[in-house]
Amino acid sequence: MKCKKCRNEKAITNLPAHNLALCRPCYSPWFLSNTKAAIDRFKLFNPADKILVAVSGGKDSLALWHALRQLGYEADGFYINLGIDHEAYSDKSLEASQKLAGQLGRPLHIIHVHDEVGSTIPEIQALTHRVPCSGCGLTKRHFMNKITADLGYDVIATGHNLDDEAATLMGNILHWQTEYLSRQGPVLDDRGGLKKKVKPFCFFTEKETTLYALVNRLDYIRDECPFSVGASSLFYKDILNRLEHGSAGTKRMFYSGFLKHKAAFQSIEPVPELKLCQTCGQPTTGDVCAFCRMADRVQEKKKLII
Ligand code: Q46
Ligand code: ZN
């Protein structure tokens, strides 16, 4: 099959949802122009903004950092070492992130959860009996906001792709989580100390972000986090892939349609008032934020063990 852009080279991918087939030289320009279109359409950031990209060492976040630099944005990296030592997962993901930082010539800010909380994510899970992803998600949200604010960045960008967003949407709809539905989308504006959060890749499928990483020879980690095994999001992704296989463009239609109707959920969900956590100073709805409450519980449990 020939590339449908240049009509010259052999296509390396067929993208039926876009009625497109692209060759290697045409792939990155197509990908970058779509990234820019999403940034402009949803007003994610301006060329003058300082962007912090949350990187995990995986294909999506590294592709995002690379793409934003290709587009000329002021984008630096932020890596949270979770202390997951299964087959050296955290070490390998840090190395991949540092390698790209070196190639891009941009700083990578690093924090270690163990240094900040006194325990790694697996230890927090063992001590609190929380589902690992719940403690991990809370920790990541806390530090992403804190570091973005402390280091003077305007916005934090994550590598969530269409598969991630459609799976989250499916979960939110199946459980009618109207509060989450009112907030889901490509952009969460800053308010009350919460920094602006954006997802420039939310209209690219995982296949498309992977191909960008491969075409640009990004050295990303192939291993998935060991705690992701059995996650319901993987089950939803599988269902959505089967739907997409039967009818190309289903994921995009599902997500875009939701964004058109999102205001309905916003109209029934009051926006909670935010105050500052008495312990860490980060925004929260209570007196002490959920992260500090979890960190306190970890400390108490550790004292009991000693
Ligand atoms: S939340 Fe869960 Fe991820 Fe944290 S524990 Fe691993 S799978 S890394 S996106
Ligand atoms: Zn706090």
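Everything quoted here is computed from the prediction, not taken from an experiment.

### A closer look at the coordination of the zinc ion (ligand 2)
Binding of the zinc ion (ligand 2) to the protein goes through C277 (SG), C280 (SG), C289 (SG) and C292 (SG), at separations of 2.2 to 2.3 Å. Around the zinc ion (ligand 2) sit four donor atoms; with metal-centred angles ranging over 105 to 114°, the donor geometry is tetrahedral. On the primary sequence, the residues serving as donors to the zinc ion (ligand 2) are separated as C-x2-C-x8-C-x2-C. Residue C277 is located in the loop between β9 (275–276) and β10 (283–284), and its partner C289 is located in the loop between β10 and α12 (290–305); the two are separated by 12 residues in the primary sequence. Overall, C277 belongs to the buried group, its relative accessible area being 5%.

### What about the nonpolar core?
Core analysis: the largest hydrophobic core is formed by 82 residues, its most contacted members being Y27, F45, I51, W65, L68 and F78. When neighbours within four sequence positions are excluded, L68 is seen to be in contact with I39, F45, I51, V53, Y73 and A75. Core analysis: the second largest hydrophobic core is formed by five residues, A166, A167, M170 and L240 among them.

### Describing the side chain of T35
Within the element layout of this structure, T35 appears in helix α1 (residues 24–41). Residue classification places T35 among the buried positions, given a relative accessible area of 0%. Excluding anything up to four places from it in sequence, T35 contacts L71, P200, F201 and F204.

### Comments concerning a negative patch on the surface
Taken together, the side chains of D85, D91, E95 and E123 make up a negatively charged region of the molecular surface. Take D85: it is sitting in the loop between β4 (74–81) and α3 (89–104).

### Overview of the packing of aromatic side chains
Applying the stated criterion across every chain yields a total of 13 aromatic pairs. On the basis of an interplanar angle of 65° and a centroid distance of 5.9 Å, the ring pair of W30 and F204 is categorised as edge-to-face. Taken together, the positions of W30 in helix α1 and F204 in the loop between β8 (196–198) and α9 (206–215) put the pair 174 residues apart, joining distant regions of the chain. F204 carries the same exposure label as W30, and that label is buried. An aromatic cluster is defined as three or more aromatic residues linked by ring pairs; in this entry it consists of Y27, W30, F31, F201, F204 and Y212. Just above the ring of Y153 sits the side chain of K50; from NZ or CZ to the centre is 4.5 Å.

### Section: unusual backbone geometry
With a phi close to 50°, E87 is a non-glycine residue in the positive phi region. Within the secondary structure, E87 is located in the loop between β4 and α3. For E87, a relative accessible area of 57% puts it in the exposed group.

### Observations regarding the pattern of salt bridges
Going through the model one piece at a time under the given rule, you end up with 14 salt bridges. For D76, the salt bridge goes to R106, with nearest N and O atoms at 2.8 Å. Taken together, the positions of D76 in strand β4 and R106 in the loop between α3 and β5 (108–112) put the pair 30 residues apart, joining distant regions of the chain. Neither residue differs from the other here; D76 and R106 are each classed as buried. Here D150 and K146 are joined by a salt bridge, their closest N and O atoms 2.8 Å apart.

### Describing the sheet that holds β4
Backbone hydrogen bonds hold the strands of a sheet together, and the pairing may be parallel or antiparallel. Across the sheet, six strands lie side by side as β5-β4-β3-β6-β8-β7; this open sheet has mixed pairing. Edge strands, defined here as strands with exactly one partner in the open sheet, are β5 and β7 (187–188). Across five bridges, β4 lies against β5 in parallel orientation. The residue bridging N81 from the neighbouring strand is H112, located in β5. Strands in contact with helix α2 (residues 59–70) are β3 (50–55), β4, β5 and β6 (155–157); relative to β3, the strand with the most contacts, it is inclined by about 155°.

Thresholds, definitions, all that
Residues numbered from 1 in each chain as written. Chains lettered and ligands numbered in written order. Predicted model: local features only at pLDDT ≥ 70, side-chain atom pairs only at ≥ 80, totals over all residues. Heavy atoms only, no water. Donors = N, O, S within 2.8 Å, 3.2 Å for Na, K, Ca; no water. Tetrahedral: all angles 85-135°; square planar, octahedral: opposite > 155°, others 65-115°. Helix = DSSP H or I, 4+ residues; strand = E, 2+ residues; numbered from the N terminus. Buried < 20%, exposed > 50% of the residue type's maximum accessible area, 1.4 Å probe, protein only. Core = buried A, V, L, I, M, F, W, Y, C linked by side-chain atoms within 4.5 Å. Contact = heavy atoms within 4.5 Å. Patch = residues over 30% accessible without salt bridge, like charges linked within 9 Å, V, L, I, M, F, W, Y side chains within 5 Å. Areas by Shrake-Rupley, 256 points an atom, 1.4 Å probe, with all protein chains shown as cover. Salt bridge = Lys/Arg side-chain N within 4 Å of Asp/Glu carboxyl O. Lys, Arg positive; Asp, Glu negative; His and termini not counted. Charge placed at Lys NZ, Arg CZ, Asp CG, Glu CD. Phe/Tyr/Trp six-rings, centres within 6.5 Å; stacked < 30°, edge-to-face > 60°. Lys NZ or Arg CZ within 6 Å of the ring centre and 35° of its normal. Pairing = 2+ DSSP bridges. Axes fitted to C-alpha atoms, helices over the stretch in contact; angles between N-to-C directions.

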